Amino acid sequence: MPVFSSSKKKSDEYCCKIYTMDAELQFTIEATAKGHTLFSLVCQTIGLREHWYFGLKFLDKVTNEWTWLQMNRTITSQPIQIQSNSISSKRPESPSATDNFKPHLLRSPPTSPSTSTLSLPSSSTSGAHPCVNVLELYFVVKFYPEEITNELIQDITRHLFYLQVKQDILNMDIYCPPDAAAHLASLALQAKFGDYDQLSSSSEPLNLESEALLPLSCFQKVELTRADWFSRIVALWRTHTSLTREDSEMAYLKHAQDLDMFGLSFFEISKMQGANKSNPSSQQQSDQSSIAAELWLGIDSLGIRFYKKNKLRPEVFFSWSDIKSVAAHDKKVILNMSGEKSATFAFYAAKSSVSKEILDLATGNHELYMKRRREQTIEIQQMRYFEGQQQKEKHRIITRERQLRLQAEKERDEIERKFNDYQRQMKEIHDTLLKYQEAAKLLARKAHISSEEARLQAEKAFEIETQLERCKYEINRNEEEKRLYARQISECEQIISTLVNDSVKSRKEAEELKIEVAKWRVAEAAAREKLLSITQLNQSIAVKNAATQAQQNLVQTSSPRTLSPPPYRPPLRNQELNQIDERAFLIEKQSKQAQLVLQLEDLKNVIQAKKIEERQTFLDKAYEENLAVGDNKYSTMQKASSGTASKRMAMLHDL
């Protein structure tokens, strides 16, 4: 930790702004503080223990180039730009002013941080007066591991590597073919947003237009619209369901590691002094500069590579075990090879600062190469042990959450099935009720008509009876008319008896219809009661579903850092069900993997059909040539390292 003294003047204090890939840190240091002091502060603040992969870069105020901060020298003695606090109070939206001076590892300075700013003032600055001098540095990856999936231990280390590699691909500092770029973009979306299905079911709409997903070259070289690209990326994204953020970032790094330019720092060199006259911007990735350069030097964790035609196919490769030492004198760099017949190879860089950077990177990569082949230190063993324990705990929690999620999904499906059955039954009962109501109305109408007919017949019988009485009265008056009316009376009596019988029959039918209507009304009341009971049952099911959903949300939002629940020991039947669920999960994962392969193959065919030939660069053509002969990053490196060291040295002299 730096020593802060309250007796120092404000001019002896410096405010260091450190920009990581996703955060901004502020420290107040003294003028005598060394580089390793500030570097240790940054590592301790972000909780990083694998510090040997990283470094601090700044913009050289003399050469206006990106330079690594020397750890054993004081910070103020190095050519770092010092700005006033009023100028640096606001960070620019993007470092466009320095885009023309991209460094080799930090090809492009990181964009604005998305997280909050952390400020760590000293005891001498506890008052209201801030320091005047401001220094800006970038915390970036300096050295890459040989196998990124096995060597990186901490989650924070993997996350920083993921952000670095992702930005290098988007800035086109690492060549990435369009189909691989779309695949990596889908993994980046899974790492940032999680499962697509859960996100699409939320109320907030997903806007991919604001996300940096693909390099600009994908839109320039392939005749596909942005909507077409996004739809294909989303289709790939849906195959990564259930991947956590850590797993998605690790999968991103695993696929990015297979890219030819991954982890390499390129330098333009010449075998003759003064043959390489280039400006500072020659370090930018450019196909034209690749052609114009006499040789390209690539340094990574495995060794040193020499390129002649392009940066995708090395001509000669020397591993760090083949190299005895590297020396730099001004612009000249000398490689001393190991073996019985020790040989040397000298080449020249554009500037002495470039040769020093080559020496720095070669020395650091060689030390890490030898360190990986020695027995692990106690610190590494402890880190791996604790990280393994954390991974086991995370895996246990994730497995438990997946089981709970599968169980909740099963219960939800069962409840939905029952709900659909109840709705179907309700519809059937409702239709039956409507039929009963229509039948009851029809019967009531028929009963009303029958009663009206009976009334009319009764009235008609009454009229006939009146006529009969009048006839009897007339018969009494006239005997002769009596016989005449006798026949009429007999006829009328027959008609009356017929009408009476019909009236009685109609009354019986009306009574039967009334009884039938009463029965239909009783059935209607029973149907209403059953409909009411089913409605109440649906309400109880909805309440239970809401409670289940709330419990599921509570489980999903629980933090892995909270106290772990007591061990879960389900009965034997539940264990068998969990095993069945695990097998179903693995089968679904395999099917999604096969679906991903098919989608990538289809995307390759579409890109091949719609690529714009006149916009294909030299690297695109070189990649197509390698693909046509079946070469990749590892096969080309194997060819470049074939033969003895002396033969490769002779090949290098002949380049």
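Data block above holds the structure.
Overview of the structure. What you are looking at is a predicted structure, and each value in this text was computed from that prediction instead of being measured.

Observations regarding the overall build of the protein
Summing up its helical and strand segments, the protein has 17 helices and 14 strands in all. Burial analysis of the protein (655 residues in total) assigns 41% to the buried set. For the protein, the share of sequence-separated contacts (at least 6 apart) that also reach a separation of at least 24 residues comes to 72%.

Comments concerning unusual backbone geometry
For M172, which is not a glycine, the phi torsion comes out positive at approximately 65°. Even without being a glycine, S242 presents a positive backbone phi close to 75°. With respect to the helices and strands, the residue S242 is situated in the loop between α8 (226–237) and α9 (245–256). Judged by relative accessible area, S242 falls into the partly exposed class, the value being 29%.

Some details on the packing of aromatic side chains
This model, assessed by the stated rule, comprises 20 aromatic pairs. Between Y144 and F262, the ring centres sit 5.3 Å apart and the planes meet at 70°, which makes this aromatic pair edge-to-face. Residue Y144 is located in the loop between β7 (133–141) and α3 (148–151), and its partner F262 is located in the loop between α9 and β8 (265–270); the two are separated by 118 residues in the primary sequence. Residue Y144 shares its accessibility class with F262, and that shared class is buried. Counting every residue linked through ring pairs, the aromatic cluster contains F39, W52, Y53, F54, F139, Y144, F161 and F262. Directly above the aromatic system of F266 lies the positively charged group of K311, at a separation of 5.1 Å from the ring centroid. Across the ring face of Y369, the terminal group of R373 is positioned such that the distance to the ring centre comes to 3.6 Å.

Points about the pairing of strand β13 (residues 332–337)
Pairing analysis gives six bridges linking strand β12 (residues 323–329) to β13, with the strands arranged antiparallel. Its bridge partner lying in β13, I323 is registered against M337. From the end of β12 to the start of β13, which pair antiparallel, there are two residues, and D330 there has a positive phi angle of about 55°. Strand direction decides the pairing type here: β13 and strand β14 (residues 344–349), joined by five bridges, are antiparallel. Paired with I334 across the strands is A346, a residue of β14.

Overview of the nonpolar core
Nonpolar side chains tend toward joint burial in soluble globular proteins. Among the nonpolar cores identified, the biggest contains 114 residues, and I18, F139 and F306 are the most heavily contacted of them. Broken down by element, this core gets its largest block of residues, eight residues, from helix α5 (residues 178–193). When residues no more than four places from it in sequence are discounted, the contact partners of F306 are I269, W296, L297, P314, E315, V316, F318, L335, F345, F347, L652 and L655.

Considerations on the pairing of strand β1 (residues 13–19)
Among the seven residues in β1, seven count as buried, and that is most of the element. Both faces of β1 are covered, namely the face carrying E13, C15, K17 and Y19 and the face carrying Y14, C16 and I18. Pairing between β1 and strand β2 (residues 24–30): seven bridges, direction antiparallel. If you follow E13 over to β2, its bridge partner there is E30. In this structure, the hairpin formed by β1 and β2 is closed by a connection of four residues. As paired strands, β1 and β7 are joined by six bridges and run parallel to one another. In the sheet register, K17 faces β7, and the bridge partner there is E136.

Some thoughts on the packing of α5 against α9
Remark: α5 packs on α9, axes separated minimally by 8 Å, with the N-to-C direction vectors making an angle of 160°. Taken together, the axis directions place α5 and α9 in an arrangement best described as roughly antiparallel. Between α5 and α9 lies a crossing of left-handed hand. Residues H183, L184, L187, A188, Q190 and A191 of α5 lie in contact with α9, whose contacting residues are R245, S248, E249, A251, Y252, H255 and A256. Residues that form the contact of α5 with α9 fall into these classes: seven nonpolar, four polar and two charged.

Cut-offs and rules
Residues numbered from 1 in each chain as written. Predicted model: local features only at pLDDT ≥ 70, side-chain atom pairs only at ≥ 80, totals over all residues. Heavy atoms only, no water. Helix = DSSP H or I, 4+ residues; strand = E, 2+ residues; numbered from the N terminus. Buried < 20%, exposed > 50% of the residue type's maximum accessible area, 1.4 Å probe, protein only. Contact = heavy atoms within 4.5 Å. Phe/Tyr/Trp six-rings, centres within 6.5 Å; stacked < 30°, edge-to-face > 60°. Lys NZ or Arg CZ within 6 Å of the ring centre and 35° of its normal. Pairing = 2+ DSSP bridges. Core = buried A, V, L, I, M, F, W, Y, C linked by side-chain atoms within 4.5 Å. Axes fitted to C-alpha atoms, helices over the stretch in contact; angles between N-to-C directions. Parallel < 35°, antiparallel > 145°, perpendicular 65-115°, else oblique. Left-handed = near helix turned anticlockwise from the far one by under 90°. Nonpolar A, V, L, I, M, F, W, Y, C, P; charged D, E, K, R; others polar.

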